[in-house]
Protein chains: 2
Amino acid sequence: MDLGKIKYVAFDADDTLWSNEPYFRDAEEQFCELLEGYMPQHAIHKELFITEIKNIDRYGYGIKAFMLSMVETVINITGQTLQPAHIKRCLEIGHEMLTQPVVLLEGVEEILQLFYGKFTLVLATKGDLVDQERKLIKSDLNKYFHHIEIMIEKNEREYQKLFKRLDCTAEEVLMIGNSLKSDVLPVLDLGGSAIHIPFHTTWEHEKVDIKLDHPRFKELSSIKELQFLL
Amino acid sequence: MDLGKIKYVAFDADDTLWSNEPYFRDAEEQFCELLEGYMPQHAIHKELFITEIKNIDRYGYGIKAFMLSMVETVINITGQTLQPAHIKRCLEIGHEMLTQPVVLLEGVEEILQLFYGKFTLVLATKGDLVDQERKLIKSDLNKYFHHIEIMIEKNEREYQKLFKRLDCTAEEVLMIGNSLKSDVLPVLDLGGSAIHIPFHTTWEHEKVDIKLDHPRFKELSSIKELQFLL
């Protein structure tokens, strides 16, 4: 991979800089336990997932959206046997998620220090404004980024808007993230470069079954390997 | 008011460009009707308001935050007599809000056309990313704005971040909005100019009891009066 033309390096946040998906997995497990008297856990999990996907257009991504989907699923599953404790527990699960610590992945700070000054660094993440702002403050990584973009979706249209805001061309951008669907494919399609660093847990909605071979693409097993590109 | 130094004109969105607060007032009324068997409507209203304010740090602003506060209030008020229909109705009220039309206030499009090209126009609004994006698309006003900023809060700190992003000084900015607290006071304090255009309905949380007399401040009764400043 040739970084000759690259001026902007954009990092995804959740599960690229810090751990996020495991909190959602934990929350889902707690949600399934809450309702295990009603149906098998895998069936509850499926109900919740269907509700979440149905609600993406309406709510977007993030913890508040997830909480509202839990509430809706609880009603669908419990029916007339709904107890106040069911709903209270959904709110509690969400509130716990909102106060989780932000745990940086290994090597993140060193890599940002290494790239800082050599490129203009951008944080490009989707999700909820309040969630992401909170995590960014807790992470103390704010200082490395010239620009922070919280995107409504990570598709070609939204990346084009980002590049316009940065006043740059796609050819000048390298995007780094854990999702092929959100961080890699749209950026490659626009003419940019992308690096995929898989995280051990991926939300089903982000999964794509594809083997990529592309001159402007690279897969790494850890963010620490970025140092060898310089 | 002297616009000599002004290069950037920033507009608030909700209740400055389009009507928003009436939808929240309607939703609150529907919520109070849902629970009127439990306590007088003004008491329900107060419970909801207290819950909303308590949750601002946690949830931020917007319809999803409002929905979660409705759900929490319903549980507090109904206790063990909670019915699934109560929660369903809260979700329904929220979903109706999410599909409301965007109704521009009178004269908005003409004023944007008049200011477009003479200044760099910015949309600076707080609220939920998904809500605001949806309204902006529906409004078809996107084309007038060089920059759209959805802010987590409208305080001095966040305005400073915005000015840094725009690469401008506060002295070059005129902010226009319906909230003294969010659109006027922090901008004046930073050295910018501000115009207040009151809307007929203001959320209690945004109310400040103050009579402003300031060389960089003006109050107008309608957005149409902005034409006389040019």
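Now for a look at the structure at hand. (Residues numbered from 1 in each chain as written. Chains lettered and ligands numbered in written order. Predicted model: local features only at pLDDT ≥ 70, side-chain atom pairs only at ≥ 80, totals over all residues. Heavy atoms only, no water.)

**Quick look at the overall build of chain A**
Stated precisely, the cut-off is as follows: We count a stretch as a helix when DSSP gives it H or I for four or more residues in a row; a strand needs E for two or more, and each element gets its number in order from the N terminus. This radius of gyration counts C-alpha atoms alone. The globule rule is 2.2 Å times how many residues there are, raised to the power 0.38. Relative accessibility thresholds used throughout: buried, under 20% of the residue-type maximum; exposed, over 50%; partly exposed, between the two (1.4 Å probe, protein chains only). Calculation of accessible area relied on Shrake-Rupley with a 1.4 Å probe; when residues are assessed, cover is drawn exclusively from the protein chains displayed. His is not counted, nor are the chain ends, whereas Lys and Arg count as positive and Asp and Glu as negative. By convention, the point assigned to a charge is CZ for Arg, NZ for Lys, CD for Glu and CG for Asp.
What chain A contains, in helices and strands, is 8 helices and 6 strands. Along its sequence from the N terminus, chain A presents helices and strands in the succession β-α-α-α-α-α-β-α-β-α-β-α-β-β. Relative to the compact-globule value of 17 Å for 230 residues, chain A shows a C-alpha radius of gyration of 19 Å, a close match. Seen along its three principal axes, the alpha-carbon backbone of chain A occupies a region of about 65 × 35 × 30 Å. The buried share of chain A, reckoned over its 230 residues, is 58%. Only carbon and sulfur atoms are counted for the fraction: they give 50% of the accessible area of chain A, which is about 10200 Å². Across chain A, 26 positive and 38 negative side-chain charges occur, with their mean positions spaced 4 Å apart.

**Comments concerning the relation of the copies chain A and chain B**
The condition is simple: Fitting of the copies onto one another was done by least squares over C-alpha atoms, counting residues only where both copies have pLDDT of at least 70. Any two residues having at least one pair of non-hydrogen atoms within 4.5 Å are treated as being in contact.
Between the two copies, chain A and chain B, the superposition gives an RMSD of 0.0 Å; the rotation angle is 180° and the shift along the axis is 0.0 Å. Between the two chains, the operation in question is that of a two-fold axis. Interface residue correspondence from chain A to chain B reaches 100%, placing this contact among same-surface, isologous pairings.

**Quick look at the packing of aromatic side chains**
Quick reminder of the rule: Centres within 6.5 Å are what make two rings of Phe, Tyr or Trp a pair, Trp counting through its six-membered ring; a difference in plane orientation under 30 degrees is then read as stacked, over 60 as edge-to-face, and the rest as tilted. Any Lys NZ or Arg CZ found within 6 Å of a ring centre and within 35 degrees of that ring's normal is scored as a charge over the ring.
Per the stated rule, a full pass over the model turns up 12 aromatic pairs over all chains. Ring centres 6.4 Å apart and planes at 70° place the aromatic pair Phe11(A) and Phe145(A) in the edge-to-face group. Separated by 134 residues along the polypeptide, Phe11(A) in strand β1 (residues 8–11) and Phe145(A) in the loop between α6 (129–139) and β3 (147–151) bring together distant segments of the chain. With respect to class, Phe11(A) is no different from Phe145(A); both count as buried. Residues Tyr116(B) and Tyr144(B) carry aromatic rings whose centres are separated by 5.8 Å and whose planes lie at 80° to one another, so their mutual orientation is edge-to-face. With Tyr116(B) in the loop between α5 (108–115) and β2 (120–126) and Tyr144(B) in the loop between α6 (129–139) and β3 (147–151), this pair connects stretches of sequence that are 28 residues apart. Look at Tyr144(B) and you get buried, because its relative accessible area is 7%. Taken together, the ring pairs connect Phe11(A), Phe115(A), Phe119(A) and Phe145(A) into an aromatic cluster. If you follow Lys126(A) out to its NZ or CZ, it ends over the ring of Tyr61(A), 4.2 Å from the centre.

**Considering the pairing of strand β5 (residues 193–196) of chain B**
Residues and elements named next belong to chain B. Condition: Note: two strands are recorded as paired if DSSP finds a minimum of 2 bridges between them.
The two faces of β5 match: Ser-193 and Ile-195 on one face and Ala-194 and His-196 on the other face are all buried. Both strand β4 (residues 173–177) and β5 contribute to a ladder of 4 bridges, which runs parallel. By the bridge assignment, Leu-174 is partnered in β5 with Ser-193. In the sheet, β5 pairs with strand β6 (residues 217–219) via 3 bridges, with the strands oriented parallel. Residue pairing for β6: His-196 is matched across the bridge by Glu-219.

**Describing the nonpolar core**
Here is the rule: As used in this record, nonpolar core signifies buried Ala, Val, Leu, Ile, Met, Phe, Trp, Tyr and Cys residues forming a set joined through side-chain atoms within 4.5 Å.
Within the largest apolar cluster, 60 residues are counted, with the highest numbers of intra-cluster contacts made by Phe11(A), Phe145(A), Leu226(A), Phe11(B), Phe145(B) and Leu226(B). Membership of the second largest hydrophobic core comes to 50 residues, among which are Cys32(B), Met67(B), Leu68(B) and Leu82(B).

**Thoughts on the environment of Ile50(B)**
Residues and elements named next belong to chain B. Tracing the backbone through its elements, the reader meets Ile-50 in helix α2 (residues 41–59). The class for Ile-50 is partly exposed, based on a relative accessible area of 48%. Along the sequence, Ile-50 and Ile-176 sit 126 residues apart, while their C-alpha atoms lie 29 Å from each other.

On their own, these measurements won't tell you what the molecule is for.
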